[in-house]
Every structure is written in C-alpha cells, then in structure tokens.
Amino acid sequence: MSASLSRPRVGVWLIGARGSVATTVVTGCAAVTAGLHPPTGMVTETAAFTGSGLPALADLVFGGHDTLDCPLPKRAETLTAGGVLPPGIATAVAAELAAADREIRPGGPAPGDTRSEADLITAFADDIRDFVRRHDLNRAVVVNVASTEPASQGPDAPLPASTLYALAALRAGCPYVNFTPSEGMHHPVAAREAERSGLPYAGRDGKTGQTLLRAVLGPMFAQRALTVRAWSGTNLLGGGDGAALADPAAAAAKNAGKERVLAETLGTVPEGEVHIDDVPALGDWKTAWDHIAFDGFLGTRMILQTIWQGCDSALAAPLVLDLARLAARAHEAGLTGPLGELGFYFKDPVGGGPASLGEQYAALVGLGDRLRLAGAGETARGTTARGEAAAQGVGHCEAAPRGADHCEAAARDAGHRGAVEEASERGVEEAPDRTVEEASDRAVEEASERAVDPCEAAPGGRP
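Note that this is a predicted model, so its numbers are computed, not measured.

Criteria and cut-off values
- Note that residues are indexed from 1 along each chain, following the sequence as it is written.
- Only residues with pLDDT of 70 or above have their local features reported here, since the model is predicted, and side-chain atom pairs are shown and tallied only from 80 upward, although totals for entire chains, interfaces and linings are computed over all residues.
- Hydrogen atoms and water are omitted, and side-chain values are computed over all heavy atoms in the structure.
- A cavity here means a set of 1 Å grid points, computed over protein atoms only, where a 1.4 Å probe fits but cannot escape. A pocket is an open set with protein on both sides within 12 Å along at least 5 of 7 lines, and lining residues have an atom within 4 Å of a point.
- Grid points are joined across faces, edges and corners, and a volume is the space filled by probe spheres set on the points.
- Under the scheme used here, helices are H or I runs from DSSP no shorter than 4 residues and strands are E runs no shorter than 2 residues, and both carry numbers assigned from the N terminus.
- When residue character is reported, Ala, Val, Leu, Ile, Met, Phe, Trp, Tyr, Cys and Pro are called nonpolar, Asp, Glu, Lys and Arg charged, and the others, Gly included, polar.
- Salt bridge, as used here, is a side-chain nitrogen of Lys or Arg placed within 4 Å of a carboxyl oxygen of Asp or Glu.
- Relative accessibility under 20% of the residue-type maximum defines a buried residue, over 50% an exposed one, and the middle range a partly exposed one, all with a 1.4 Å probe and only protein chains included.
- Each residue carries a pLDDT score, the predictor's own confidence in it, on a scale running from 0 to 100.
- Contacts are assigned to residue pairs with any non-hydrogen atoms lying within 4.5 Å of each other.
- For helices, the axis comes from a line fit to the C-alpha atoms of the stretch in contact; other axes are also lines fit to C-alpha atoms, and the angle between any two N-to-C directions lies between 0 and 180 degrees.
- The labels follow the angle: roughly parallel below 35 degrees, roughly antiparallel above 145, roughly perpendicular from 65 to 115, and oblique for the rest.
- As used throughout, the charge tally considers Lys and Arg to be positive and Asp and Glu to be negative, leaving His and the chain termini uncounted.
- Definition of a polar contact: a pair of N or O atoms within 3.5 Å, with one able to donate and the other able to accept a hydrogen when the atoms are protein atoms, and with sequence-neighbouring residues admitted only if both atoms are side-chain atoms.
- Note on terminology: a nonpolar core comprises buried Ala, Val, Leu, Ile, Met, Phe, Trp, Tyr and Cys residues joined through side-chain atoms within 4.5 Å.
- Strand pairing is assigned whenever DSSP detects at least two bridges linking the two strands.

Undergrad: Describe in detail empty space enclosed by the protein, supporting the description with residues and values.
TA: The final tally for this structure, using the stated rule, is two cavities of 30 Å³ or more. Space inside the second largest cavity adds up to approximately 30 Å³. What lines the second largest cavity is Tyr176, Asn178, Met185, His186, Tyr201, Ala202, Gly203, Arg204 and Val350. Looking at the lining of the second largest cavity, the elements with two or more residues in it are strand E5 (176–178) and strand E6 (200–203). For the lining of the second largest cavity, the class distribution of residues is five nonpolar, three polar and one charged.

Undergrad: Could you give an account of the pattern of salt bridges, naming the residues involved and the relevant values?
TA: A full pass over the atoms with the stated rule returns 20 salt bridges. A salt bridge links aspartate 205 to lysine 347, with the shortest nitrogen-to-oxygen separation between them at 3.3 Å. Here aspartate 205 is found in the loop between E6 and helix H8 (210–223), whereas its partner lysine 347 is found in the loop between strand E11 (337–338) and helix H12 (357–392), with 142 residues between them in sequence. Pair check on accessibility: aspartate 205 and lysine 347 agree, each one buried. Between aspartate 290 and arginine 214 there is a salt bridge, with the nearest N and O atoms lying 3.1 Å from each other. In this pair, aspartate 290 sits in strand E9 (residues 285–295) while arginine 214 sits in helix H8, placing the two residues 76 residues apart along the sequence. Considered together, aspartate 290 and arginine 214 belong to a single accessibility category, that of buried residues. Through salt bridges with shared partners, a single ionic network connects Glu103, Arg105, Asp130, Arg133 and Arg134.

Undergrad: How would you explain the confidence of the model for the chain if you had to name every residue and give the values?
TA: Averaged over the chain, the pLDDT score is 84; the fraction of residues at 70 or greater is 78%. Every residue in residues 1–5 is under pLDDT 50, and counting partners more than four places away or in other chains gives 14 contacts.

Undergrad: Can you break down the packing of helix H1 (residues 20–33) against helix H2 (residues 72–81) residue by residue, with the values?
TA: Contact pair H1 / H2: the axes reach a minimum separation of 10 Å and the direction vectors enclose 100°. Accordingly, the angle class assigned to the pair H1 and H2 is roughly perpendicular. Judged by residue contacts, Ser20, Thr23, Thr24 and Thr27 of H1 engage Leu72, Arg75, Ala76 and Leu79 from H2. Looking at the contact of H1 with H2 residue by residue, the class counts come to three nonpolar, four polar and one charged.

Undergrad: Go over the side chain of aspartate 284 with me, naming the residues and quoting the values.
TA: Residue placement: aspartate 284 occurs in the loop between strand E8 (274–278) and E9. No salt bridge forms around the buried aspartate 284; measuring N to O, its nearest opposite-charge neighbour arginine 75 is 6.4 Å away. Within the structure, the side chain of aspartate 284 is placed 2.7 Å from the side chain of serine 313, a separation counted as a polar contact. Ignoring sequence-local partners within four residues, the contact set of aspartate 284 consists of Ser20, Val84, Gly310, Cys311, Asp312 and Ser313.

Undergrad: Break down the nonpolar core for me, citing the residues and quoting the values.
TA: Residues Leu14, Phe62, Val143, Leu342 and Tyr345 are the most contacted members of the largest nonpolar core, which totals 60 residues. The element contributing the most residues to this core is helix H11 (residues 312–332), with eleven residues. Not counting residues up to four positions away in its chain, the partners in contact with valine 143 are Val12, Trp13, Leu14, Ile15, Val177, Val320 and Ala324. Listed in part, the 30 residues of the second largest apolar core include Val61, Ile128, Leu167 and Ala168.

Undergrad: Tell me what's going on with the sheet that holds E9, and back it up with residues and numbers.
TA: Within the open sheet, the four strands sit side by side as E8-E7-E9-E10. Their pairing is mixed. Two strands close off the open sheet at either side, each with one partner strand: E8 and strand E10 (301–311). Pairs of neighbouring strands in the sheet enclose a mean axial angle of 10°, with direction left out of account.

Written out as structure tokens, the structure reads:
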C-alpha cells in the first residue's frame, strides 16, 4: 500500500501468501483503504480502539512465502468467480495485488529440497529482513495463514514447516501470529526460542465460525444452569482447508480447539464429536451444523440446533488484519511473550485466559486501553526529551521523538537478535550460552565503554 513518507510503515509477511485467505486479506485492505468498502468485521476499526496507536491500513505493506506459483491477481479472479470477492474489486485493486505478489518468495521445504532445517530457517529469515530493508519498514509481523498441517509425529520427527517459519520470524526479529491449528510456535523448539527472544506472539487457530458460536453458547448454558448432555457437530467445507482436513491427523488438530472451548465454558466435556468432511464443490464456503441436547427444569429434555453457513476467507481476512495491526503495535509498545489478550481471535490461545467470548472481548478491549496509555507515555517522553535537548543542546539521538530510551532499546534489540542467531548457528535446539537480557545489556554497556551513543551500537545507526 502506498503511504506518505512521513508515516512509519509496517510489513505483513504472510505464510501461505497465495492462498485464499491471504488473497482476501490483501484485496480487502486495498479496497477498504481506497474507500470502496467499509471495514466490516474489523474489530480494530471500532471505537474501542480509537487512539490505540495501531498502524493505519494504508501503511501496511504485504509480502510472504508460498510454495504455489499462481499470481495473486489470478487468484483474486478465481475468488471473484466463486463469489468470495465482489465483482470488480480485483480489477480496482490490481496494482496492489501485483505489488504484493512481487514480494512473495518461494516457501518450503519443497519436494526434493535438500536444504537442512537450519538452512531453511536462515533463507526464510533473510527473505523477511530483505523485505523490511527494501521498503524501509519500521517493523514487520509474520502471520501464518497456510493450510493446516498434520499433527507432529513426536520429538524425533523433522520440524514441521510452520515451526521453521516461526523460527525464521524470531530470527528476523518479528512478532509472530499463527492463525492456523498447525504447530508453529507451539513446538517445544520454537517455544524455547520464543521465550528467549522477548518478541510478542499470538495464536493459534483462528475462530471464525462453529467455535465462535460455541464460545457464546457454552457460557450461556452454564450461566443459565442448563445441563448439556451431548454436543455433536459436522463441518462441510471445500478449498485447500477441506483437502488438508481430510487427513485424520490434521482434523484431530483442528478439533482439539473446538473441544477445549466446550470443556472450559461448560466445566465438563459432553458426549459427541465433530466430523469434518471435505466437499470440494463448496469451494471456499463452509457449513457448520451443531446439535445440542440439554436438560431443563425437572429434567425436561430439549434440543438446540444451529447452522452456520459462511465464506471462510471473508470471515478470516478482517481478523488477520486486526491481528497484524495489534501485534505490530504491541511490539512497538514493548510488550513481550504470548499475547493472551488476543485469545478473542483463537480456538487455542497462547498465554491462557478465558474461553468465553464475552470475557475474551473484555480482555481485548483492555489491551486496546493499555496500548492507548503506552502511546500517551511515548508522547510525554518524546516531548520531555525534545524540551531537554533544546535546553541543553544535546545530540540528535537524545532529541529523537521517542527519547534516549529508544536508542537503548535499539541496542537491546540488536542483542536479542544476536542471541537468537547465535543459538541457531549452534543448532535450533541448543540454548545460547548467555540469556537474551545479558546479550542486550552487553550491547549497551559496550557502547557506553566506547563513549558512543547506544544508537550507533545498533544495526542501522541512529533512528
């Protein structure tokens, strides 16, 4: 997306960048930015997030990895023919689709790829860094929207592709969001690296349909003291996810999050299962049916049935844009580790937290308030720093809008990136000899000992 040179821009690096969800994300962002459509479904565009300092949609720049080679404009035409995108939109934003397509790099591991896991991580991270550097981005967020992988086969199995991408995001110093049920940052190897990195991350498995309803209905039954005896469901879907979820192992990973919501909101696991059927003729559309048997007063038996028919990509795309903006702002505000407040968007959220949608929404709004306060603090520190600089005649770095704290943060960031890279060079499972904090502190201390500005010790020099 084009943006004024005076405004900071943020990268959104999509894993599965030529898929239906990613194509809808890029198309939708361009259409909303151009005023062609309202931001329906984007929670971050509601009043609750006014003033939270989120990056503007116009300031998002897209790129990503994929193993497919179908260009985004062509993919958008296919989605238009299937009724996913409205007529004329793909043509109206053709330039933005082409720009994003030029930033997509080959993913992996592809069949016959002989590169080691460490080599793949390095290659993916280099792609992300190059993207950030060429576009002069303030930061980038990596979001996994690829098709669901089968569940991991154990600690001795090769790292799944989703985990390779997650490790690459950490290596590149980027916040990470896993919108899929694939392992990603949940793999023990990536979880250890994430803890060391000090980067914010969120996931997993976007909540767009059947589980969204369960997160509302489960608390309703519990709060009304109605006993749920059985809860069964069926999912009919096509497209890439339908084909991927035809694999029982992949379906099991998907269903685990659905079951978790019921267990936590009802306090027990009722009888019944969820069946996922691949129906290629449905394309990007899905139908979710739930049959709920419950007891009322005096044991009277009753039934509630729900039918959810929706377009998976159109449901997911606004959430992906929300998550990219929130993760970018959290990184800017200095938040680290699992972003539990983003559980509102996921079936299996990291960082714990409630499973009830109402409680999750309250936590999300609380994050918006926290980011708003952080923004006020940044403004106050910047004003103070500029005033002191004018009064004392100090150097450029101290007079920077975010003050000297930003310079020290830059050196610390260089330290934690070095620690992650150092660990990867010795093998992704080996811990570095020193902690991230020690590495970061050393960068600042060394700068001080040389009597230089800490900004000069960080990559890229002064901000």
